[in-house]
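Letter by letter, the chains look like this.
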Amino acid sequence: QVHLVESGGGLVQAGGSLRLSCAASGIILSSHATEWYRRAPGEQRELVATVSTGGNTYYADSVKDRFTVSRDNAKNTVYLQMNSLKPEDTAVYYCSVDRGTLRSWGQGTQVTVSS
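Residues numbered from 1 in each chain as written. Predicted model: local features only at pLDDT ≥ 70, side-chain atom pairs only at ≥ 80, totals over all residues. Heavy atoms only, no water.

Caption draft 1: Examining the overall build of the protein more closely. From N to C terminus, the protein includes 0 helices and 11 strands. By the compact-globule yardstick of 13 Å for 115 residues, the protein fits well, its C-alpha radius of gyration being 13 Å. When its C-alpha atoms are laid out on the principal axes, the protein stretches across 40 × 25 × 20 Å. A buried classification covers 42% of the 115 residues belonging to the protein. (Helix = DSSP H or I, 4+ residues; strand = E, 2+ residues; numbered from the N terminus. Rg over C-alpha atoms; globule rule 2.2 N^0.38 Å. Buried < 20%, exposed > 50% of the residue type's maximum accessible area, 1.4 Å probe, protein only.)

Right under this line is the structure:
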């Protein structure tokens, strides 16, 4: 029943910006922490950012001061604003919700940063 759909990825030059969206159905995102992960080819997935039920945010050191996670409760959507992108940010980005007994994942959206 739970469905998460990421969008907004694409190809961007170093220094550019993208905004990713995670649209949810079957769950109320404001009742859960929502996380953004990324996975580069051949690499383990990495936690990038989190927004809690109360709106507190967490960022990995590698993206701190460049990325901003936010939630629009009316739209049941979480966003990841990515600025000052670097080639090392290239990865498939996923949103994820931990529901306790299950973790839900979106299909991912590709972000490619060229230099």
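Structure shown, so let's carry the discussion forward.
Caption draft 2: Representation of the packing of aromatic side chains in the model. Across all of its chains, the model carries 2 aromatic pairs by this definition. A ring pair is formed by Y37 and W105, whose centres lie 5.1 Å apart and whose planes are at 55 degrees; its orientation type is tilted. Of this pair, Y37 sits in strand 4 (residues 34–39) while W105 sits in strand 10 (residues 103–105); the two residues are 68 residues apart in sequence, bridging distant segments of the chain. Overall, W105 belongs to the partly exposed group, its relative accessible area being 31%. Ring geometry for Y94 versus W105: centroids 6.3 Å apart, planes at 85 degrees, classification edge-to-face. (Phe/Tyr/Trp six-rings, centres within 6.5 Å; stacked < 30°, edge-to-face > 60°.)

Caption draft 3: Structural context of the sheet that holds strand 8 (residues 77–82). Spatial strand order, 1-3-8-7: 4 strands in an open sheet with antiparallel pairing. Whereas interior strands pair on both sides, the edge strands pair on one side only; in this sheet they are strand 1 (3–7) and strand 7 (67–72). Neighbour to neighbour, the strand axes of the sheet diverge by 15 degrees on average, direction disregarded. Where strand 7 and strand 8 come together, 6 bridges link them in antiparallel fashion. The residue bridging S70 from the neighbouring strand is Y79, located in strand 8. (Pairing = 2+ DSSP bridges. Axes fitted to C-alpha atoms, helices over the stretch in contact; angles between N-to-C directions.)

Caption draft 4: Structural context of the side chain of E6. Here E6 lies in strand 1. For E6, which is buried and forms no salt bridge, the nearest opposite charge comes from R39, at a distance of 10 Å. Of note is the side chain of E6, whose polar atom sits 2.7 Å from the backbone nitrogen of C95. Look past the residues within four positions of E6 in its chain and what remains in contact with it is S21, C22, W36, Y93, Y94, C95, G106, Q107, G108 and T109. (Lys, Arg positive; Asp, Glu negative; His and termini not counted. Salt bridge = Lys/Arg side-chain N within 4 Å of Asp/Glu carboxyl O. Polar contact = N/O pair within 3.5 Å; in protein donor to acceptor, adjacent residues only side chain to side chain. Contact = heavy atoms within 4.5 Å.)

Caption draft 5: Layout of the environment of G54. Structurally, the position occupied by G54 is in the loop between strand 5 (46–51) and strand 6 (57–59). Measuring from C-alpha to C-alpha, the distance between G54 and E43 comes to 31 Å, with 11 residues separating the pair along the chain.

Caption draft 6: Fine view of the pattern of salt bridges. In this structure the tally under the stated criterion is 6 salt bridges. Among the ionic pairs, D61 bridges to K64, the shortest N-O distance being 3.1 Å. In this structure, R103 and D98 form a salt bridge, with 3.5 Å as the shortest nitrogen-oxygen distance. Among the charged side chains, a salt-bridge network with shared partners connects R38, E46, R66 and D89.

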